[in-house]
Amino acid sequence: MVVTTLIILMVAALVVLAVQQGVSRAAMLSVVLLLLGSASVLTSCTKDEVIYVPDPTDAPRTSPMVTVVYSPDALGDRSYNDLIYSGVENVSNQKSLRTLHLSPATREEGLAYLEDIFRQTETAGDTIRRLLIVASSDYDTWLRQNNKRLEGNPRADLLYFETSTPLDGKGSTLFMPYYGAMFEAGALTPYYAPEALLIGANPEDAPVGEAMQGFKDGFATDLVNNQDKKYLATAYIGQHAGEGYGISDTLAMKILRENEHQSDYLWTGFKTMIVPVCGGAASAFGRLAIILQQYLVMGIDVQNPAVNSQFSAVKHIDRAVEKSVRQWYDGEGMPKHQTLGLASGFTELIVHNHYYIASLGRMQSTIDPPSEDLLQQIYEEAVRKEKLKMKNEE
């Protein structure tokens, strides 16, 4: 391709020069045909004739292999799934592992990936260690019906998250309860705004439901007593599992407008906190909040650096994935099931302590940061509530 481009440029240059020098058309045509003939010879290699030079930094083909299958259209969300990718690649770079990341367009395509991987792993006759990470509950039923197929390969391992229910048979599971961090967020929201708009991806995905319930329970407490009236609205983008993790700005605006609340009390500053529990779709609400200059936005999964974001509920899934892959690689072995929540530091609420004043168009502190005593009180109650919830679900 590069050779062809260079020769075309040479032809063009020669034609211009020939015209300037008065060269005859016949002579000029001969030169052009000669150059184009050279291009044909130089660029007529078939795929079999292309020589690939290996990257010396690539891991050897005998190195352990880590394959990740994501939710449909998940990678690139700048949130949860991108953190999983980072966690796997961090370990890979340190341990010289080979990695393969598969982000299907649909659930059916994801299931096809899994079937191919299982079939290849079952029949593998080599000594390569393999770890399959299934990073989506979209494939839960299929996985629980097929995980025992890997028991015939002692060098194959399986990690599935997030689920609170261990696999029966081969495979380890990981669960990062979000209830506690979201309880903290709900309890702290009235300190900054008397109203909250809780937006979920859909009502069927269990992690979404758990996070939303945590926020609702926290919002209902009286740990913050700086105003008498509170209002919480709830909306969903999609209606079925796997839906609602992407959204257009037009639909996001429609959801905001449909859930505007006419209050009869006075409040200085932005009165509504948007809480987007919807993966990559959260970015649309973040953009609109800045444009409209009338909302605060809570960060979800990753820390939101925007000036109209007071705090973020962060899920360190990258650290959890790194921990699990290291356990697998180092021979320690992954536990059958791990629960990593608020008390263990794998989820947390991060307070930003800044505020955006629409009328001034700049960042300015207008409210004193919550005291350390208040934050500690909310944290301790959130840890207690999360532990109690998990115990009741055992």
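Numbers given to residues run from 1 along each chain, matching the order in which its sequence is written. Selection of residues for local features in this predicted model requires a pLDDT of at least 70, selection of side-chain atom pairs for listing and counting requires 80 or more, and totals for whole chains, interfaces and linings are taken over all residues. Note: side-chain values were computed over all heavy atoms of the structure, leaving out hydrogens and water.

Engineer: Looking at this model, I keep getting lost on the overall build of the chain. Mind explaining?
Structural biologist: For the chain, the count of helices and strands is eleven helices and 15 strands. Only protein chains enter the area calculation, which uses a 1.4 Å probe; residues under 20% of their type maximum are buried, those over 50% are exposed, and those in between are partly exposed. Taking all 394 residues of the chain together, the buried fraction comes to 46%. Whether two residues are in contact is decided by their heavy atoms, any of which lying within 4.5 Å being enough. If you take every contact in the chain between residues at least 6 apart in sequence, the share linking residues at least 24 apart comes to 73%. A total of about 20,300 Å² of accessible surface is found on the chain, and carbon and sulfur atoms cover 54% of it. To qualify as a helix, a DSSP run of H or I must reach at least 4 residues; to qualify as a strand, a run of E must reach at least 2; elements of each kind are numbered from the N terminus. Exposure was quantified through the Shrake-Rupley algorithm and a 1.4 Å probe, taking into account, for residues, occlusion by the shown protein chains and nothing else.

Engineer: Please explain the sheet that holds strand 7 (residues 231–236) as it appears in this structure.
Structural biologist: Strands in a sheet are paired, the pairing made by backbone hydrogen bonds, and the direction either parallel or antiparallel. When DSSP finds two or more bridges between two strands, those strands count as paired. The four strands lie next to each other as 7-6-8-9, forming an open sheet whose pairing is parallel. In this open sheet, the two edge strands, each paired with only one partner strand, are strand 7 and strand 9 (295–297). Recorded for the sheet is a direction-independent mean angle of 25° between the axes of neighbouring strands. Taken together, the six bridges between strand 6 (residues 195–200) and strand 7 define a ladder with parallel strand orientation. All axes here are fitted lines through C-alpha atoms, helices being fitted over the stretch that makes contact, and every angle between N-to-C directions spans 0 to 180 degrees.

Engineer: What is the right way to read the confidence of the model for the chain from this model?
Structural biologist: Caution applies to low-pLDDT parts of the model: their predicted coordinates are not meant to be read in detail. Looking at the chain as a whole, its pLDDT mean stands at 83, while 79% of the residues score no less than 70. Every residue is assigned a pLDDT by the predictor, reflecting its confidence on a scale from 0 to 100. Here residues 11–20 is a poorly scored stretch, pLDDT under 50, and it has nine contacts once near neighbours within four places are set aside; other chains count. Low pLDDT, under 50, characterises residues 23–56; the stretch is placed with 19 contacts to residues that sit more than four places away or in other chains.

Engineer: Looking at this model, I keep getting lost on the sheet that holds strand 11 (residues 311–315). Mind explaining?
Structural biologist: With mixed pairing, three strands are arranged side by side in an open sheet as 10-11-13. In the strand order of this sheet, the two ends are held by strand 10 (299–301) and strand 13 (347–351), each with one partner. For this sheet the average axis-to-axis angle between neighbouring strands, irrespective of direction, equals 15°. In terms of strand pairing, strand 10 meets strand 11 through three bridges, oriented parallel. Paired with Gly299 across the strands is Ser312, a residue of strand 11. Relative to strand 13, helix 6 (residues 179–192) is tilted by about 20°, and along the sheet it contacts strand 10, strand 11 and strand 13.

Engineer: How do you make sense of the layout of surface pockets when you look at a structure like this?
Structural biologist: Vacant regions in the atomic arrangement are exposed by a probe of water-molecule size rolled over the atoms. In this structure, the largest pocket spans a volume of roughly 660 Å³. What lines the largest pocket is a set of 31 residues, among which Ser71, Tyr80, Asn81, Tyr245 and Gly279 lie closest to the centre. Within the residue set of the lining of the largest pocket, elements represented by two or more residues are helix 3 (80–95), helix 7 (206–219) and strand 10. The biggest single contributor to the lining of the largest pocket is helix 7, with three residues. The residue makeup of the lining of the largest pocket, split by class, is 15 nonpolar, nine polar and seven charged. For the second largest pocket, the calculated volume is near 420 Å³. Those elements giving two or more residues to the lining of the second largest pocket turn out to be helix 9 (282–292) and strand 10. For the lining of the second largest pocket, the leading source of residues is helix 9, giving six residues. Of the grid points, spaced at 1 Å and generated over the protein atoms alone, those admitting a 1.4 Å probe that cannot get out make up cavities, while open sets with protein on both sides within 12 Å along at least five of seven lines make up pockets; any residue with an atom within 4 Å of a point is treated as lining. Grid points are joined across faces, edges and corners, and a volume is the space filled by probe spheres set on the points. Residue polarity follows a fixed list, in which Ala, Val, Leu, Ile, Met, Phe, Trp, Tyr, Cys and Pro are nonpolar, Asp, Glu, Lys and Arg are charged, and the others, Gly among them, are polar.

Engineer: Which parts of the structure should I look at to understand unusual backbone geometry?
Structural biologist: Most peptide bonds adopt trans geometry, and most residues besides glycine take a negative phi value. Phe161 connects to Glu162 through a cis peptide bond whose omega is -5°. Tracing the backbone shows Glu162 in the loop between strand 4 (156–161) and strand 5 (172–175). Phi is positive for Arg78, close to 55°, though the residue is something other than glycine. Looking at the element boundaries, Arg78 is found in the loop between strand 1 (65–70) and helix 3. Unlike most non-glycine residues, Asp301 shows phi in positive territory, near 75°. Within the fold, Asp301 resides in strand 10.

Engineer: Help me understand the packing of helix 6 against helix 7, please; the structure alone is not making it clear to me.
Structural biologist: A packed helix pair is summarised by two numbers, namely the angle formed by the two axes and the spacing between the axes. For the pair helix 6 and helix 7, interaxial distance at closest approach is 6 Å and the crossing angle is 35°. Relative to helix 7, the crossing made by helix 6 is right-handed. Counting all contacts with helix 6, which are made through Tyr179, Met182, Phe183, Ala185, Gly186, Ala187, Thr189 and Pro190, the residues of helix 7 involved are Glu210, Ala211, Gln213, Gly214, Phe215, Asp217, Gly218 and Phe219. Crossing handedness is defined as follows: a turn of the near helix away from the far one that is anticlockwise and smaller than a right angle gives a left-handed crossing, while the clockwise case is right-handed.

Engineer: What's the story with helix 9 in this structure? I'm lost.
Structural biologist: Residues spaced three or four apart along an α-helix point in a common direction, a consequence of the helix completing one turn every 3.6 residues. Every buried residue of helix 9 is accounted for by Ala282, Ala284, Phe285, Gly286, Leu288 and Ala289. Buried-residue contacts for helix 9 involve strand 6, helix 8 (249–258), strand 8 (272–277) and strand 9.

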